[in-house]
Amino acid sequence: MRSGREYSAFLIFVIAILLSVSGIVFVYTGSYFYCLKHGVAPYSFALKQFVALVIGIVIALGIYKFLDYRDLAVNKRYICGLYVVANLLLVAVLIFGKE
């Protein structure tokens, strides 16, 4: 039997997966006619989204398995480091992102 904390963490994980899958469906339905018009496979954008989802899940599970998230709340250096990395990634999207 799972404890309340484990159950709520699992529930949040399942909800995130369901939202991600519904997002892939939305990408597929939204880009279907665009892809047909331009001679691209109708599932190409959805496939890219799915690959990104799988990579994200693998990374998230790896972090969950090997990193204790409670250490992040206690140590301010981790929080500041994660904040800087997140902002650098946002700036990288602005610089290197394609329109």
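Here the structure is shown first, and the text comes after it.
I'd like to hear about the overall build of the protein chain, residue by residue, with values.
Looking only at helices and strands, the protein chain has 4 helices and 0 strands in total. Sequence-ordered secondary structure for the protein chain, helices as α and strands as β, is α-α-α-α. Its C-alpha radius of gyration of 18 Å places the protein chain more than 25% over the 13 Å reference for a compact globule of 99 residues. For the C-alpha atoms alone, the extent of the protein chain along its principal axes is close to 55 × 40 × 15 Å. Evaluated residue by residue, the protein chain yields a buried proportion of 7% over its 99 residues. If the 9 positive side-chain charges of the protein chain are averaged to one point and the 4 negative ones to another, these points end up 6 Å apart.

Can you lay out the packing of aromatic side chains for me, pointing to particular residues and giving the numbers?
Throughout the structure, instances matching the rule amount to 3 aromatic pairs. Ring geometry for Tyr-32 versus Phe-33: centroids 5.2 Å apart, planes at 85°, classification edge-to-face. A relative accessible area of 28% places Tyr-32 in the partly exposed class. Each residue in the set Tyr-28, Tyr-32 and Phe-33 is aromatic and connected to the rest through ring pairs, giving one cluster.

Let's hear about the side chain of Ser-31: which residues, and what values?
Within the element layout of this structure, Ser-31 appears in helix H1 (residues 4-37). Within polar-contact distance, the side chain of Ser-31 engages the backbone oxygen of Val-27 at 2.7 Å. If we ignore the near neighbours within four places in the chain, the residues touching Ser-31 are Pro-42 and Phe-45.

Which residues make up the environment of Gln-49, and what are the values?
Looking at the element boundaries, Gln-49 is found in helix H2 (residues 44-66). Looking at Gln-49, the relative accessible area reads 40%, which means it is partly exposed. In sequence terms Gln-49 and Ile-24 are 25 residues apart; their C-alpha atoms lie 6.3 Å from each other. Setting aside residues up to four positions removed in sequence, Gln-49 forms contacts with Ile-24 and Val-27.

Give me a nonpolar patch on the surface: which residues, what numbers.
Taken together, the side chains of Tyr-28, Tyr-43, Leu-47, Phe-50, Val-51, Val-54, Ile-55, Val-58, Ile-59, Ile-63 and Leu-67 present a nonpolar region at the surface, about 1,000 Å² in accessible area. With 8 residues, the top contributor of residues to the nonpolar patch is H2. Locating Ile-55 in the fold gives a position in helix H2. With a relative accessible area of 47%, Ile-55 lands in the partly exposed category.

Lay out H2 in plain terms, naming residues and giving numbers.
The end-to-end C-alpha separation of H2 is 33 Å, in line with the 33 Å expected for 23 residues at 1.5 Å each. Residues Ser-44, Ala-46 and Leu-53 constitute the buried set of H2.

Rules used throughout
Residues numbered from 1 in each chain as written. Predicted model: local features only at pLDDT ≥ 70, side-chain atom pairs only at ≥ 80, totals over all residues. Heavy atoms only, no water. Helix = DSSP H or I, 4+ residues; strand = E, 2+ residues; numbered from the N terminus. Rg over C-alpha atoms; globule rule 2.2 N^0.38 Å. Buried < 20%, exposed > 50% of the residue type's maximum accessible area, 1.4 Å probe, protein only. Lys, Arg positive; Asp, Glu negative; His and termini not counted. Charge placed at Lys NZ, Arg CZ, Asp CG, Glu CD. Phe/Tyr/Trp six-rings, centres within 6.5 Å; stacked < 30°, edge-to-face > 60°. Polar contact = N/O pair within 3.5 Å; in protein donor to acceptor, adjacent residues only side chain to side chain. Contact = heavy atoms within 4.5 Å. Patch = residues over 30% accessible without salt bridge, like charges linked within 9 Å, V, L, I, M, F, W, Y side chains within 5 Å. Areas by Shrake-Rupley, 256 points an atom, 1.4 Å probe, with all protein chains shown as cover. Salt bridge = Lys/Arg side-chain N within 4 Å of Asp/Glu carboxyl O. Expected span 1.5 Å × (residues − 1).

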